[in-house]
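Residue-level listing of the chains:
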Amino acid sequence: VRLTSPALVGRDGPLHASVAALRSVRPDRPGIAIVRGPAGIGKTRFVTALVEHLRDDGAAILPGACLDLEPSVPYSPLIEAFRGVDPAPARLLDALTAGLDLPRSQLFALLREEIVGLARRRLTVLMVEDLQWSDRVTRDALQYLAATARQGRWALVVTVRDEELAVRPAIEHWVALLHRDALVRVSLEALPAHHVAALIEGITGGAPSPPHTDRIHRRSGGVPPLGEEGLPPAAGGTPRGAQYLRRLF
């Protein structure tokens, strides 16, 4: 039984605009794309669709994610991203994981060298999710790359959960600076009722009735995962999702 809609619903406009903008990235300046919104609104699904379009064009995709850990793990999204490169940059990974003791200036230079090397061959997209949980050294590394890696075509695509920033003022300030310089700025909002109907139809294969659509839209608040999980189990939802919605609403 399908538990999610096969289509990305209600995001066509910003998705196509974002793809077009990143396809046009020039060699002298990285393309920065920042996708914001509350938890569960669909940031991961949006950026996954975005980078898949670019991958289809031949772009190299380097995905990584920040982790909500205390203490934080330095460079965790960069380690994850560069481990997926073929061949893996062994010296850079050793430096990022502290297996190789390098001054930070040399580590950052290695990082820039690797990004530039990839970007000279084809469009390279470094994707960092959940920037609200980033550590200071990771943010410094990303800032260094954005300021100095000006050869080849590459882009930095990040997601950030807005409600987390209120308790992290240093990260909020850094995200504001990144947002100011971004080529692509997307703020995802809740889906209207007619898009919730399309979401349900994608799961069940049939158009829902207006009362059913209104009920799911009201209960989920237009948040895609809640709308999907809140369907009756026989229609492709889950008991856990239905129970969660009942408790929440």
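Refer to the structure above for everything that follows.
Asks: How would you explain a nonpolar patch on the surface if you had to name every residue and give the values?
Replies: Taken together, the side chains of Leu67, Leu69 and Val73 define a hydrophobic patch exposed on the protein surface, amounting to about 220 Å² of accessible area. Mapped onto the secondary structure, Leu69 falls in the loop between strand 2 (60–65) and helix 3 (76–83). Classification of Leu69 by relative accessible area gives partly exposed; the value is 38%.

Asks: Account for unusual backbone geometry, with residues named and values stated.
Replies: The peptide bond linking Glu70 to Pro71 adopts the cis configuration, its omega dihedral lying at -5°. Cis rather than trans, the peptide bond between Asp86 and Pro87 has omega equal to 0°. Among the secondary structure elements, Pro87 is positioned in the loop between helix 3 and helix 4 (90–96). Residues other than glycine seldom take positive phi values, yet Tyr75 does so here, at roughly 65°. Position of Tyr75 among the secondary structure elements: in the loop between strand 2 and helix 3. Despite not being glycine, Asp130 has its phi angle at roughly 60°, a positive value. Looking at the element boundaries, Asp130 is found in the loop between strand 3 (124–129) and helix 6 (136–148). Residue Asp130 is classed as buried on the basis of its relative accessible area, which comes to 19%.

Asks: How would you sum up the side chain of Arg36? Please name residues and give values.
Replies: Among the secondary structure elements, Arg36 is positioned in strand 1 (residues 31–37). Polar side-chain contacts of Arg36 include one of 2.8 Å to the side chain of Asp162. Dropping the residues within four chain positions of it, Arg36 is found in contact with Lys43, Val160, Asp162, Leu165, Val175, His179, Val186, Ser187 and Leu188.

Asks: Tell me about helix 1 (residues 12–23), and name the residues and values.
Replies: Between the first and last C-alpha of helix 1 there are 16 Å, a value that for twelve residues agrees with the 16 Å anticipated at 1.5 Å per step. Burial in helix 1 covers these residues: Leu15, Ser18, Val19, Ala21 and Leu22. Seen along its axis, helix 1 keeps its buried residues to an arc of 165°; they face one direction. Buried-residue contacts for helix 1 involve strand 1, helix 2 (43–56), strand 4 (154–161) and strand 5 (184–187).

Asks: Before we move on, could you go through the packing of helix 1 against helix 2 and cite the residues and values that matter?
Replies: Two quantities define a packed helix pair, namely the angle between the helix axes and the distance between the axes. The geometry of helix 1 relative to helix 2 is characterised by a closest axis approach of 10 Å and an angle of 45° between their N-to-C directions. Our classification of the angle between helix 1 and helix 2 gives oblique. As for the relative orientation of helix 1 and helix 2, their crossing is right-handed in sense. The residues of helix 2 that touch helix 1, namely those facing Pro14, Leu15, Ser18, Val19, Leu22 and Arg23, are Phe46, Ala49, Leu50, His53 and Leu54. Within the contact of helix 1 with helix 2, the residues separate by chemical class into eight nonpolar, two polar and one charged.

Asks: Can you lay out the sheet that holds strand 3 for me, pointing to particular residues and giving the numbers?
Replies: Reading across from one edge, 2-3-4-1-5 is the order of the five strands in this open sheet, with parallel pairing throughout. Taken across any chain shown, the strands that pair with only one partner, and hence form the sheet edges, are strand 2 and strand 5. Pairs of neighbouring strands in the sheet enclose a mean axial angle of 15°, with direction left out of account. Taken together, the seven bridges between strand 1 and strand 4 define a ladder with parallel strand orientation. Note on strand 4: the bridge partner recorded for Val35 is Thr159. With respect to the sheet, helix 1 is in contact with strand 1, strand 4 and strand 5, its orientation differing from that of strand 5 by roughly 160°.

Rules used throughout
Each residue is numbered by its place in its chain's sequence as written, counting from 1. Confidence filtering applies because this is a predicted model: local features only for residues at pLDDT of at least 70, side-chain atom pairs given and counted only at 80 or more, and all residues used for totals across whole chains, interfaces and linings. In computing side-chain properties, one takes all heavy atoms of the structure into account and sets aside hydrogens as well as water. Candidates for patches are residues over 30% relative accessible area with no salt bridge; among them, like charges are joined within 9 Å and nonpolar side chains (Val, Leu, Ile, Met, Phe, Trp, Tyr) within 5 Å. In these tables, accessible area is a Shrake-Rupley quantity obtained with a 1.4 Å probe, and a residue counts as shielded only by the protein chains included in the view. A side-chain nitrogen of Lys or Arg and a carboxyl oxygen of Asp or Glu constitute a salt bridge if their distance falls within 4 Å. In this text, helices come from DSSP runs of H or I with a minimum length of four residues, and strands from runs of E with a minimum of two, each type numbered from the N-terminal end. We call a residue buried when its accessible area falls under 20% of the maximum for its residue type, exposed when it is over 50%, and partly exposed in between, using a 1.4 Å probe and counting protein chains only. Throughout this description, a polar contact denotes any pair of N or O atoms lying within 3.5 Å of each other; where both atoms belong to protein, one of them has to be capable of donating a hydrogen while the other can accept it, and for residues adjacent in sequence the pair is counted only when both atoms sit in side chains. Whether two residues touch is decided by their heavy atoms; if any such pair falls within 4.5 Å, the residues are in contact. Expected span of a helix, by definition, is 1.5 Å for each gap between consecutive residues, and there is one gap fewer than residues. The directions from the helix axis to the C-beta atoms form the arc being described. Between N-to-C directions, angles span 0 to 180 degrees; the directions come from axes that are lines fitted to C-alpha atoms, helices contributing only their stretch in contact. Relative orientations are named as follows: roughly parallel for angles under 35 degrees, roughly antiparallel for angles over 145 degrees, roughly perpendicular for angles from 65 to 115 degrees, and oblique for any other angle. Left-handed describes a crossing in which the near helix is turned anticlockwise from the far one by less than a right angle; the clockwise case is right-handed. Nonpolar residues are Ala, Val, Leu, Ile, Met, Phe, Trp, Tyr, Cys and Pro. Charged residues are Asp, Glu, Lys and Arg, and all others, Gly as well, are polar. By the convention used here, strands pair only if DSSP detects at least 2 bridges between them.

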